[in-house]
Amino acid sequence: MDRIKPKVLRPGSRIAAISLSWGGPGTIPYRYQTGKRQFEEEYGVTVLETEHALRDAVWLSKNPEARANDLMVAFADETIDGIISTIGGEDSIRTLPYLDLDLIRNNPKVFMGFSDTTISHAVCFKVGMVSFYGPSFMAGFAENGGMFPYMVDSVRRTLFSTDPIGIIEPNRAGWTDEYLPWENPENQSIRRKLNPCTGWKFHQDAGIVEGQLFGGCVEVLDWLRGTDYFPLASDLQGVVLFLETSEDAPPPSFLTEFVRCLAAMGILEGLGGILLGRPGGGVDPNTFHAYDTALCETVREEYGLNEMPIVTNMDFGHTDPMFVIPIGMKVRINSTKQEIAIDEAAVIQN
């Protein structure tokens, strides 16, 4: 299926900031304003809040229809070039009954976020539109002491250019998931401690495999199972599934159970490959291998899929810095060369 690509962003673009789940901007305003300022200054764009983006968390929790309406208004507004989540949360799923899928399909534009925003990405995938799993204003663009160059470059290459994205290199400058409480403004100027990068881990040499990207936060995807927004097995045939774990740090066994469910649904054996983000939530790096083992052993030993490419410890999700994943675009995995690339642009000229 050919996906609808949104139009490229450029200096002067107008970006809508939206709170689809937790009311983070209303709870910790300075953190949101820092992300907004750093994003505007780096890319030369203007950020405007949707009607309810800055409402307090309690009000937003009680009004999922208002959150959904903000999304519909942002997609329908011809003066808005892109939509980016302020932050994730845990209840975007409550917006689903109030969405107009035709409106989204007929008004494609850049849409980006991660974590609980997985819900809205599943909606975009259902209507056939490319969307972007990447930073939000409060997590990513509001990085303490300034944004990470690796993330800045990925956003620019993916959203602000019509050149092919090309090879996606692993981050080599150090990674972090250190939590410095946002409630303390003094922490904003303290750079988080970096851990040394160990590179991505390629498992099962399968040569070259290509497939469209789909995925997100594994816990949120699990909430979608059984709804009309979790793709059918036929929709995921040949797809490269990307997964990452949230700051709640589910154990490796959660991956095992999720993969078993995919197999029972007739999805697993049809996948083209699996990409796994570096575990989030302060998991001890010395135990990362347990997540790799849970995934690889389930795929290989329980279901005999010895030639399915699996890449783990990747720079996306609840780890910083992250690269942007264009959902619905075709990714190329070269296990022999240990190389991952997207050979076309994810956005089109205006």
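The structure under discussion appears in the preceding block.
Residues numbered from 1 in each chain as written. Predicted model: local features only at pLDDT ≥ 70, side-chain atom pairs only at ≥ 80, totals over all residues. Heavy atoms only, no water.

1. Some words on the overall build of the protein
Helix and strand counts for the protein stand at 10 helices and 14 strands. For a compact globule of 350 residues, the expected C-alpha radius of gyration is about 20 Å, and the protein comes in at 19 Å, within 12% of that figure. Counting all 350 residues of the protein, 59% fall into the buried class. Partitioning the intrachain contacts of the protein with sequence separation of at least 6 by distance along the chain shows that 80% fall at a separation of at least 24. (Helix = DSSP H or I, 4+ residues; strand = E, 2+ residues; numbered from the N terminus. Rg over C-alpha atoms; globule rule 2.2 N^0.38 Å. Buried < 20%, exposed > 50% of the residue type's maximum accessible area, 1.4 Å probe, protein only. Contact = heavy atoms within 4.5 Å.)

2. Here's the deal with the side chain of Thr-312
The residue Thr-312 is located in strand β11 (residues 310–314) in this model. Not counting chain neighbours up to four residues away, the residues in contact with Thr-312 comprise Trp-200, Lys-201, His-203, Leu-276, Asp-292 and Leu-295.

3. A closer look at the side chain of Asn-334
Mapped onto the elements of the fold, Asn-334 is located in strand β13 (residues 330–334). We classify Asn-334 as buried; its relative accessible area is 6%. Engagement of the side chain of Asn-334 in a polar contact is seen with the backbone nitrogen of Lys-337, the distance being 2.9 Å. Contacts of Asn-334, omitting those with residues within four sequence positions, involve Phe-202, Gly-207, Ile-208 and Glu-339. (Polar contact = N/O pair within 3.5 Å; in protein donor to acceptor, adjacent residues only side chain to side chain.)

4. Let's talk about the sheet that holds β11
Across the sheet, which stays open at both edges, the eight strands sit in the order β6-β14-β13-β8-β9-β10-β11-β7 with mixed pairing between neighbours. Every interior strand has two partners, whereas the edge strands, β6 (166–167) and β7 (201–203), have only one. (Pairing = 2+ DSSP bridges.)

5. Digging into the packing of aromatic side chains
If you walk through the whole model with that rule in mind, you get 14 aromatic pairs. Plain terms: the ring middles of Trp-175 and Phe-288 are 5.7 Å apart, the flat faces sit at 40° to each other, and that makes the pair tilted. With Trp-175 in the loop between β6 and β7 and Phe-288 in helix α10 (residues 288–302), the pair connects residues that are 113 residues apart, well separated along the chain. With respect to class, Trp-175 is no different from Phe-288; both count as buried. Among the aromatic side chains, those forming a connected cluster through ring pairs are Tyr-32, Phe-39, Tyr-43, Phe-137, Phe-141 and Phe-160. (Phe/Tyr/Trp six-rings, centres within 6.5 Å; stacked < 30°, edge-to-face > 60°.)

6. Focus: the nonpolar core
For soluble globular proteins, the rule of thumb is that nonpolar side chains tend to be buried together. With 106 residues, the main nonpolar core has Phe-141 and Leu-275 as its most contacted residues. Apart from the residues within four sequence positions on either side, Phe-141 is in contact with Thr-34, Gly-35, Gln-38, Phe-39, Tyr-43, Ile-84, Met-112, Pro-135, Ser-136, Met-147, Met-151 and Val-155. (Core = buried A, V, L, I, M, F, W, Y, C linked by side-chain atoms within 4.5 Å.)

Note that all results are geometric; they support no functional claim without further evidence.
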